[in-house]
Amino acid sequence: MEFQDKAVAITGAAHGIGRAIALAFAAEGADLAIFDIDAEALEETAGLARAMGRKVHTGVGDFRKLEVITASFAAAREALGTPDVLINNLGQTAREQTTAFSEAPHDVLDFVLDISLRAAVHCTREVVGGMKARGSGRIVSISSDSALNGDLGCVDYAAAKSGVLGFTRGLAREIAPFGMTANAVCPGPTNTRAMQRIPRDSFERARDAVPMKAICDPEDIAHAVLFLASDKARYITGQTLPVNGGRVFN
Ligand SMILES: NC(=O)c1ccc[n+]([C@@H]2O[C@H](COP(=O)([O-])OP(=O)(O)OC[C@H]3O[C@@H](n4cnc5c(N)ncnc54)[C@H](O)[C@@H]3O)[C@@H](O)[C@H]2O)c1
């Protein structure tokens, strides 16, 4: 029970990696403030954590909107206090709207930058003052190995996720004197809805490009996140941890 009585805030916790992270923290005793746009699936995550005996606050809304972020974190602070840990998990590529960068509509570029970088910056801004006043806090942001590899068809996403790494490094320096750390995890292709939706041959190509010849499970990412949020990682800050079966090296 490494996180007993700690409060952990997680964005994008209704599905995939976010849900795996939420349940892994709940299994270690944490109370949760979880956020997502998908109310029904978020309630499922909450139900699973409550069944483990945890207190769970949910916040539903579109986290591309600043007013939704500020109101959601204010309500979460009211319910659970300033979180001990923030996980910036929200993010995605343009998915079905993916094009060559030279043809990308400006609104699609804005969508990817907003959801994969801007939301993390504003969510962190909502917790960092309270953590600083308390003299402790852990921030872990989910980037992507696309930030390291620059995968084709993901120029906007690689820009946003590299932004997450720069943000993490700058933040780490500022908050280090206050007993706080900030780190980033870069997943490789991971078995969530986005991967499950792609054609079988693309899935197999992605799997075969990994030296371990396996797609990552969301729980593999959760294990890395819990480590970085734990006391065992108290001297690690500003770092990037790739979890990708050896696909890309940092
Ligand atoms: N799955 C992968 O292969 C992979 C690889 C590298 C990095 N990542 C990163 O990991 C993180 C999680 O990815 P995932 O694959 O679990 O994605 P997912 O789509 O399964 O989950 C993302 C969650 O965000 C929620 N969401 C979407 N738009 C939202 C909005 N506007 N406001 C609030 N919530 C919103 C979704 O409902 C969903 O619950 C993302 O940052 C992603 O970029 C994923």
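For clarity, every value in this text was computed on a predicted model and none was experimentally measured.

A closer look at the overall build of the protein
- When you go through the protein residue by residue, the secondary structure sums to 9 helices and 7 strands.
- Relative to the 2.2 N^0.38 estimate, which gives 18 Å for 250 residues, the radius of gyration of the protein is 17 Å and therefore close to what a compact globule would have.
- For the protein, the C-alpha atoms occupy an extent of roughly 45 × 35 × 35 Å along the three principal directions.
- Burial statistics for the protein: of 250 residues in total, 48% are counted as buried.
- For the protein, contacts bridging at least 24 residues in sequence account for 72% of all contacts bridging at least 6.
- Approximately 11,600 Å² of the protein is accessible, and the part contributed by carbon and sulfur atoms is 53%.

Re the site of the ligand
- Contacts to the ligand come from 30 residues, most closely from D36, N89, Y157, T190 and T192.
- Within the residue set of the shell around the ligand, elements represented by two or more residues are α1 (16–27), α6 (155–175) and α7 (193–197).

Comments concerning empty space enclosed by the protein
- In the structure shown here, the tally under the stated rule is 2 cavities of 30 Å³ or more.
- Considering only enclosed or pocket space, the largest cavity measures out at about 50 Å³ in volume.
- The wall of the largest cavity is formed by A7, V8, A9, A33, F73, A76, L80, G81 and P83.
- Only β1 (7–11) and α3 (66–80) provide two or more residues apiece to the lining of the largest cavity.
- Taken together, the residues of the lining of the largest cavity sort by class into 8 nonpolar, 1 polar and no charged.
- Estimates place the volume of the second largest cavity at around 30 Å³.
- If you go around the second largest cavity, the residues you meet are N88, L90, S116, A120, S141, I142, K161 and V164.
- Looking at the lining of the second largest cavity, the elements with two or more residues in it are α4 (106–134), β5 (137–142) and α6.
- For the lining of the second largest cavity, a count of residues per class yields 4 nonpolar, 3 polar and 1 charged.

What counts and what doesn't
Residues numbered from 1 in each chain as written. Predicted model: local features only at pLDDT ≥ 70, side-chain atom pairs only at ≥ 80, totals over all residues. Heavy atoms only, no water. Helix = DSSP H or I, 4+ residues; strand = E, 2+ residues; numbered from the N terminus. Rg over C-alpha atoms; globule rule 2.2 N^0.38 Å. Buried < 20%, exposed > 50% of the residue type's maximum accessible area, 1.4 Å probe, protein only. Contact = heavy atoms within 4.5 Å. Areas by Shrake-Rupley, 256 points an atom, 1.4 Å probe, with all protein chains shown as cover. Near = heavy atom within 4 Å. 1 Å grid on protein atoms, 1.4 Å probe; cavity = no way out; pocket = protein on both sides within 12 Å on 5 of 7 lines; lining within 4 Å. Points joined across faces, edges and corners; volume = space filled by probe spheres on them. Nonpolar A, V, L, I, M, F, W, Y, C, P; charged D, E, K, R; others polar.

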